[in-house]
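Structural overview for review
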Amino acid sequence: MLEAIDVHADALKRAALTAGPTAPVPNCPKWTVHDLVTHIASVHCAAIGLVLERPLSPAPPPEWEDVLGWWDGQRLALREALVRNPESPWTGRLAHATAIHRLDAESALTRPVPARLPPEFAQGAGEIVCAVVLPGSAGCGSGDRLPAG
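Everything in this summary refers to the structure shown in the same document. The model shown is predicted, which means the values in this text are computed figures rather than measured ones.

Quick notes on the rules
- Residues numbered from 1 in each chain as written.
- Predicted model: local features only at pLDDT ≥ 70, side-chain atom pairs only at ≥ 80, totals over all residues.
- Heavy atoms only, no water.
- Helix = DSSP H or I, 4+ residues; strand = E, 2+ residues; numbered from the N terminus.
- Buried < 20%, exposed > 50% of the residue type's maximum accessible area, 1.4 Å probe, protein only.
- Contact = heavy atoms within 4.5 Å.
- Axes fitted to C-alpha atoms, helices over the stretch in contact; angles between N-to-C directions.
- Parallel < 35°, antiparallel > 145°, perpendicular 65-115°, else oblique.
- Nonpolar A, V, L, I, M, F, W, Y, C, P; charged D, E, K, R; others polar.
- Phe/Tyr/Trp six-rings, centres within 6.5 Å; stacked < 30°, edge-to-face > 60°.
- Lys NZ or Arg CZ within 6 Å of the ring centre and 35° of its normal.
- Core = buried A, V, L, I, M, F, W, Y, C linked by side-chain atoms within 4.5 Å.
- Expected span 1.5 Å × (residues − 1).
- Arc of directions from axis to C-beta.
- Salt bridge = Lys/Arg side-chain N within 4 Å of Asp/Glu carboxyl O.

Quick look at the overall build of the chain
Counting its secondary structure elements, the chain contains six helices and zero strands. Scanning the chain from its N terminus toward the C terminus, one meets helices and strands in the order α-α-α-α-α-α. Residues classed as buried in the chain amount to 42% of the 149 residues present. In the chain, once contacts between residues fewer than 6 apart in sequence are set aside, the share between residues at least 24 apart is 70%.

Quick word on the packing of helix α2 (residues 33–52) against helix α4 (residues 90–107)
Running from N to C, α2 and α4 point in directions that differ by 175°, and their axes come no closer than 11 Å. Taken together, the axes of α2 and α4 are roughly antiparallel relative to one another. In contact with L36, H39, I40, V43, H44, A47, L50 and V51 of α2, α4 contributes W90, L94, A97, T98, H101, D104 and A105. Of the residues assigned to the contact of α2 with α4, the class counts are ten nonpolar, four polar and one charged.

Remarks on unusual backbone geometry
Positive phi, close to 55°, is recorded for E53, a residue that is not glycine. Its place among the elements puts E53 in the loop between α2 and α3 (64–84). Owing to a relative accessible area of 72%, E53 belongs among the exposed residues under this scheme.

Brief notes about the packing of aromatic side chains
The final tally for this structure, using the stated rule, is zero aromatic pairs. Note that R93 overlies the ring of W90, its terminal NZ or CZ placed 5.0 Å from the centroid.

Quick word on the nonpolar core
Ranked by size, the top nonpolar core spans 21 residues in total, and within it L12, V25, V33, V37, W64 and W71 carry the most contacts. Contributions of two or more residues to this core are made by α1 (2–19), α2 and α3. The element best represented in this core is α2, accounting for six residues. Each residue touching V33, except ones within four places of it in the same chain, is listed here: A16, A19, G20, P21, A23, V25, W64 and A108. Counting residues in each nonpolar core, the second largest holds twelve residues, with I5, A81, L82 and A95 among its members.

Describing α3
Between the first and last C-alpha of α3 there are 30 Å, a value that for 21 residues agrees with the 30 Å anticipated at 1.5 Å per step. Every buried residue belonging to α3 is among W64, V67, L68, W70, W71, Q74, R75, L78, A81 and L82, and all of these are buried. The arc that holds the buried residues of α3, viewed along the axis, is 160°, so those residues lie on one side. Along α3, exposed side chains directed more than 90 degrees from the buried face belong to E65, L76 and R84. The inward-facing, buried residues of α3 contact α1, α2 and α4.

What to know about the pattern of salt bridges
One pass over the structure, following the stated rule, counts six salt bridges. Here R79 and D6 are joined by a salt bridge, their closest N and O atoms 2.7 Å apart. Here the residue R79 occupies a position in helix α3, and D6 occupies one in helix α1, the gap between them amounting to 73 residues. Salt-bridge contacts for E80 lead to R84; the nearest nitrogen and oxygen are separated by 2.9 Å. Pair noted here: E80 and R84 are both in helix α3, with a separation of four residues, about one helical turn. Judged by its relative accessible area of 40%, E80 is partly exposed. Here the salt bridges share partners, and the residues they tie into one network are D10, K13, D72 and R75.

Right under this line is the structure:
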């Protein structure tokens, strides 16, 4: 699942750079690409704290170029935290959250990429949708939730 985080984060970043910071994100109607990147960077930052059991408070910079650099740092720190904690239950959740936001970023492209997730990977995405996207929905929610950005 670490590789999945890398693959989807790289694709998300490519799409974000291509679309640009002010592009609207159709999958997230109130967000721009800048908002989306700030969100995923904040999620990755907060997840580092969850994996290491040391709560962190994301403090994203306001400027686009700075957000991109901050996210790169969060991605590296998250990977290191997950490598040090290979049994972390957050690895799969973060892989799925990053994949979902990759699709969001790709929806902002002028010519969206027809992305498909392998069925065996996509099967686990339902858990992240229930735990994070639809908190409080009947039958959903694990109690452990990644913070919203």
